[in-house]
Amino acid sequence: MKIMKILLVLLSLAAGITTLLAEADGLRLDFYEQSCPNAEKIVMSQVQNILAQPQFQNAPAQLLRLLFHDCFIEGCDASVLLTDTNGTSVVERQAIPNRTLKGFEFIDMIKEELEKECPGVVSCSDIMVLATRNCILLSGGPYYPVYTGRRDNNQSFFSEALSDIPRPNGKIFEALHLFSLRGFNTRETVALLGAHNIGRISCQFILPRLGTNFLDEGSADSTLRDGFIKEIKLKCQKSNSSFSNTESLKLMIGRGLLFADQQLMANEETARIVEEYTLDDGTVFRRDFARAMVKMSNLVSLTGSQGQVRLNCSVALKSS
């Protein structure tokens, strides 16, 4: 009984610390309780509608990647959603790491419904965070709390997106460094890097591992097994193909698709964490992933009177 009480106290303290950190940044639970009471219900309803359509089954992976690329650059401010409306500037969407991002239409669909209910109230950045959490949850992933109250940025950060997004073919120490700059420890980094396995990966990220000569197996990455090399090539010979990678155990036996996957096993500390995940029933990974997503979602740059609430998520409001 004493042990149980101690555990409950520790859990309460942990939850309290998370809440205090979020509120210190201007975020809180149910931020739209008064200004738009049905906001979170509308987001959930729209996500359910999206996932009910066969052509959108990859929405969870697309939104997760979209959110990650947004929050990693100047915090979760929806800057990745901005387009170059006048053809005279460069925006994050145009940076090489972001050219394959998808899921923009889902944010637009949800925003349209929210504007009907509460015009100019719910930010695009909050929509992204809520929609991603809901997609993960409805796809069988873990639940985690989402604090709201973000504001949208009227700027886009092309150069930062070009240099600071971890590369699919990057070394593990590079990824660990970039994540550490944003306050993530090694375990949190591994959990977030492993999250892409819920979706499908474009072949353009895999092909560099096959060597300079696509038809010459001898030029392929030596960490990939021959049978898997043939499997990749057959799949990627088709234009616009993607490759499914859902079992983290593949990573340990030379079947990790991205170079970054194999790099996790090349580092002693990250390899130990991956092995712990593969030996567990999924509980440990779900716990670590949920905690890391709360932390990722709370990378906030604009709250209160800062920034703006866009009416169209791809277009910044003009300064008055």
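Refer to the structure presented above.
Residues numbered from 1 in each chain as written. Predicted model: local features only at pLDDT ≥ 70, side-chain atom pairs only at ≥ 80, totals over all residues. Heavy atoms only, no water.

## Some points on the overall build of the protein chain
What counts here: Numbered from the N terminus, helices here are DSSP runs of H or I no shorter than four residues, and strands are runs of E no shorter than two. The cut-offs for exposure are 20% and 50% of the maximum accessible area for each residue type, with area from a 1.4 Å probe on protein chains only; residues under the lower value are buried, those over the upper are exposed, and the others partly exposed. Contacts are assigned to residue pairs with any non-hydrogen atoms lying within 4.5 Å of each other. Here, Shrake-Rupley sampling with a 1.4 Å probe gives the accessible areas, and only protein chains in the shown set may cover a residue.
On a plain count of helices and strands, the protein chain comes out with 13 helices and 2 strands. Within the protein chain, the fraction of its 320 residues that count as buried is 46%. Counting only contacts in the protein chain whose residues sit at least 6 apart along the sequence, the fraction spanning at least 24 positions is 72%. A total of about 16,200 Å² of accessible surface is found on the protein chain, and carbon and sulfur atoms cover 55% of it.

## Looking at the state of the cysteines
The test is simple: Whenever a pair of cysteine sulfur atoms sits within 2.5 Å, that pair is classed as a disulfide.
Inspection of the entire model under this criterion finds 3 disulfides. There is a disulfide in this structure between cysteine 71 and cysteine 76, and the S-S distance comes to 2.0 Å. Measuring the twist about the S-S bond at about 115°, one finds the cysteine 71-cysteine 76 disulfide to be right-handed.

## Points about helix 2 (residues 39-51)
Note the threshold: Expected helix span is computed as 1.5 Å times (number of residues minus one). What the arc covers is the set of directions going from the helix axis to the C-beta atoms.
The first and last C-alpha atoms of helix 2 sit 19 Å apart over 13 residues, in line with the 18 Å expected at 1.5 Å per residue. All of the buried residues along helix 2 are Ala39, Ile42, Val43, Gln46, Val47, Ile50 and Leu51. Buried residues of helix 2, viewed axially, fall in a sector of 165°; they line one side. Where helix 2 is buried, its residues meet helix 3 (59-71), helix 4 (104-117) and helix 5 (124-138).

## Overview of the packing of aromatic side chains
Two aromatic rings are characterised by how far apart their centres lie and by the angle between their planes. Selection rule: Pairing of aromatic side chains here covers Phe, Tyr and the six-membered ring of Trp, requires ring centres within 6.5 Å, and sorts the geometry by plane angle: under 30 degrees stacked, over 60 edge-to-face, intermediate tilted. Only Lys NZ and Arg CZ are tested; either one counts as a charge over a ring when it is within 6 Å of the ring centre and within 35 degrees of the ring normal.
Counted by the stated rule, this structure contains 8 aromatic pairs. Seen from their ring centres, phenylalanine 68 and phenylalanine 72 are 4.9 Å apart, and the 45° between their planes marks the pair as tilted. Residue classification places phenylalanine 68 among the buried positions, given a relative accessible area of 18%. Where tyrosine 277 meets phenylalanine 285, the ring centres are 5.2 Å apart and the plane angle is 80°; that geometry is what we call edge-to-face. Clustering of aromatic rings is evident, with ring pairs tying together Phe68, Phe72, Phe179 and Phe184. The lysine or arginine in question, arginine 93, covers the ring of phenylalanine 104, its NZ or CZ lying 3.7 Å from the ring centre.

## A few points about helix 3
End to end, helix 3 covers 18 Å across 13 residues, agreeing with the expected 18 Å (1.5 Å per residue, within 8%). Of all 13 residues in helix 3, 12 are buried, a share of seventy percent or more. In this structure, the buried side of helix 3 is in contact with helix 2, helix 4, helix 5, helix 7 (172-180) and helix 13 (283-297).

## Structural notes on the packing of helix 8 (residues 186-193) against helix 13
Let me state the cut-off plainly: A fitted line through C-alpha atoms represents every axis, and for helices the fit uses only the stretch in contact; the resulting angles, taken between N-to-C directions, go from 0 to 180 degrees. For this classification, under 35 degrees means roughly parallel, over 145 means roughly antiparallel, 65 to 115 means roughly perpendicular, and everything else is oblique. Here the term charged refers only to Asp, Glu, Lys and Arg, the term nonpolar to Ala, Val, Leu, Ile, Met, Phe, Trp, Tyr, Cys and Pro, and the term polar to all other amino acids, Gly among them.
The N-to-C vectors of helix 8 and helix 13 enclose an angle of 100°; their axes lie 8 Å apart at closest approach. Classified by the interaxial angle, the pair formed by helix 8 and helix 13 is roughly perpendicular. Every residue of helix 13 that contacts helix 8 at Arg187, Glu188, Ala191 and Leu192 is listed here: Val284, Phe285, Arg287, Asp288, Phe289, Ala292, Met293, Lys295 and Met296. A per-class count over the contact of helix 8 with helix 13 returns 8 nonpolar, no polar and 5 charged.

## Here we look at unusual backbone geometry
With a phi close to 60°, glutamate 74 is a non-glycine residue in the positive phi region. Within the secondary structure, glutamate 74 is located in the loop between helix 3 and helix 4. With relative accessibility at 40%, the residue glutamate 74 sits in the partly exposed group. Of note, alanine 78 is a non-glycine position whose phi angle comes to about 65°, a positive value. Position of alanine 78 among the secondary structure elements: in the loop between helix 3 and helix 4.

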